[in-house]
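Chain residues, written in single-letter form:
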Amino acid sequence: LWAPYLTPFCCSGVGLALCQRLLEEDGRIHLCIACRNDQKSEATRDLILAAHPAAQVSTVEVDLGNLASVLRVAQELRCRFQRLDFVYLNAGIMPNPHVNFKALWRGLLTGKLLHMLTTAEGVMTQTDRLNGDGLQEVFATNLFGHFILVRQLECLLCGNEKPSQLIWTSSSNARESAFSLSDYQHAKGQESYSSSKYATDLTSVVLNRKFNNQGLYSSVVCPGLVMSNMTYRILPVFLWKLLMPIMWLIRFFAKTYTLTPHNGAEAHVWLFKQKPESLDALVKYHSCTSGLGKSYVEPRKMDVDEETAEKFYQKLLELEKEALEKYGDLLD
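Everything numeric in this text was worked out from a predicted model, so none of it was measured. (Residues numbered from 1 in each chain as written. Predicted model: local features only at pLDDT ≥ 70, side-chain atom pairs only at ≥ 80, totals over all residues. Heavy atoms only, no water.)

### Describing the pairing of strand β3 (residues 56-61)
To keep it simple, the criterion reads: Pairing between strands is defined by DSSP: at least two bridges between them are needed. Each helix is a run of H or I in the DSSP string that is no shorter than four residues. Each strand is a run of E no shorter than two, and both are numbered from the N terminus.
Across six bridges, strand β2 (residues 30-35) lies against β3 in parallel orientation. Residue pairing across strands places A34 opposite V60, the latter belonging to β3.

Rendered as structure tokens:
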């Protein structure tokens, strides 16, 4: 039986739920899961096999915030596989998140609270730092590491009999106001996560223009507000437990409160079943859940300027050239 090769980047949360749901859709697929260390990879593999004993599941170790690690895993994947049919680009970090409670209070007084709760606009700030490669950590992990990986795997993604798909995990927090071409790594601001996710949207748009004619298609999804390890770092766990009844109530008004990883993976799984040629490159596919718990996918036009996307792509290529010059010994 034909079995597509998939590479979801996951250890828990939406990534783990995605793997389990994909196997429910088609048990013939070969899953290759990637985590920051072998121990987490194997633990994730064991969880998947416990529910799907006959599944084909392999692992790789990669730190998306470390360019040497990205180049090594790309080399490993090129040796292991002849093609990749789906690559789920799901890794992400939000270091030292802070909630602006004053902003929430202003939102309540001005009637903007629901909008702020569903997008985190004006509410969430992060403290970023440089990584070992001299790049801003959030930019490197959430976007640039993925970009380098995709570029290194072009031989497995392009020119196949069947189209290949990139599926990026973005966010409803991806906002143009947090992004600047002159500071695309977001070294000067305090919304690095939002900037990196907007940069993800821009990148996906350009990749379609560059690679659709070679059989590679790129899509962007938003999992909604999911209770995951990343979410639990925003507020203490006990506080989240106190807030959960309120959040279930909010879901009657805010359909992006998917809350569970299973619901958050809805758009990822939906894209697995679509013909990529039929998808709109300028749309973000949102996982949504009704107040009564029904999951569905809602396409929404992305607020992206295609000229800005092209300029940003050129900056990524320039940064890629600089990066690869440092690590020539890791290139074939």
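### Here we look at the packing of aromatic side chains
Aromatic rings considered in pairs are described by the distance between their centres and by the relative angle of their planes. For clarity, the threshold we go by: Within 6.5 Å between ring centres, the rings of Phe, Tyr and Trp (the latter by its six-membered ring) count as paired, and their orientation is classed by plane angle as stacked under 30 degrees, edge-to-face over 60, tilted in between. When accessible area is computed with a 1.4 Å probe and restricted to protein chains, residues below 20% of their type maximum are described as buried, those above 50% as exposed, and intermediate ones as partly exposed.
Counted under the stated rule, the structure contains 10 aromatic pairs. Both rings, one in F86 and one in Y88, keep their centres 6.4 Å apart while their planes meet at 10°; by these two values the pair is stacked. On the basis of relative accessible area, F86 is assigned to the buried category, the value being 2%. Consider the rings of F147 and Y313, whose centres lie 5.8 Å apart with planes at 85°: the pair is edge-to-face. Taken together, the positions of F147 in helix α6 (residues 137-152) and Y313 in helix α13 (residues 306-326) put the pair 166 residues apart, joining distant regions of the chain. Here the two residues F147 and Y313 agree in accessibility, since each one is buried. Joined through ring pairs, the aromatic side chains of F139, F144, F147, F179, Y184, Y198, F312 and Y313 make up one cluster.

### Topic: a nonpolar patch on the surface
Let me state the cut-off plainly: Note on patches: the residues involved have over 30% relative accessible area and no salt bridge, like charges join within 9 Å, and the nonpolar side chains Val, Leu, Ile, Met, Phe, Trp and Tyr join within 5 Å. Note on areas: these come from Shrake-Rupley sampling with a 1.4 Å probe, and a residue is covered only by the protein chains present in the view. We define a salt bridge as a contact between a side-chain nitrogen of Lys or Arg and a carboxyl oxygen of Asp or Glu at a distance within 4 Å.
Side chains of L249, F252, F253 and L292 sit close together on the surface and give an oily, nonpolar patch of about 540 Å² of accessible area. Mapped onto the elements of the fold, F252 is located in the loop between α10 (237-250) and α11 (261-264).

### Focus on the pattern of salt bridges
Across all of its chains, the model carries 18 salt bridges by this definition. For the salt bridge of E266 with R21, the shortest nitrogen-to-oxygen distance reads 2.9 Å. With E266 in helix α12 (residues 266-272) and R21 in helix α1 (residues 13-25), the pair connects residues that are 245 residues apart, well separated along the chain. Relative accessible area serves as the criterion here: at 16%, E266 is assigned to the buried category. Judged by its relative accessible area of 11%, R21 is buried. Of the charged contacts in the structure, one is a salt bridge between R151 and E154, with a shortest N-O distance of 3.2 Å. R151 sits in the partly exposed class, given a relative accessible area of 26%. Each of the salt bridges in this network shares a partner with another, and the network as a whole consists of R209, K210, E306 and E310.

### A word on the packing of α6 against α13
Applicable threshold: Structural elements are reduced to axes, namely lines fitted to C-alpha atoms, with helices fitted over the stretch in contact, and the angle between N-to-C directions of any two is expressed from 0 to 180 degrees. Angles below 35 degrees are treated as roughly parallel, those above 145 as roughly antiparallel, those between 65 and 115 as roughly perpendicular, and all remaining angles as oblique. By the convention used here, residues are in contact when the closest approach between their heavy atoms is within 4.5 Å. Throughout, the ten residues Ala, Val, Leu, Ile, Met, Phe, Trp, Tyr, Cys and Pro are labelled nonpolar, Asp, Glu, Lys and Arg are labelled charged, and all others, Gly among them, are labelled polar.
Between α6 and α13, the shortest axis-to-axis distance is 11 Å and the interhelical angle comes to 80°. Here α6 lies roughly perpendicular to α13, going by the angle between them. For the pair formed by α6 and α13, the contact residues are F139, L143, F144, F147, I148, R151 and Q152 on the first element and F312, Y313, L316, L317, L319, E320, A323 and L324 on the second. A per-class count over the contact of α6 with α13 returns 12 nonpolar, one polar and two charged.

Such coordinate-based values are descriptive only and should not be taken to indicate function.
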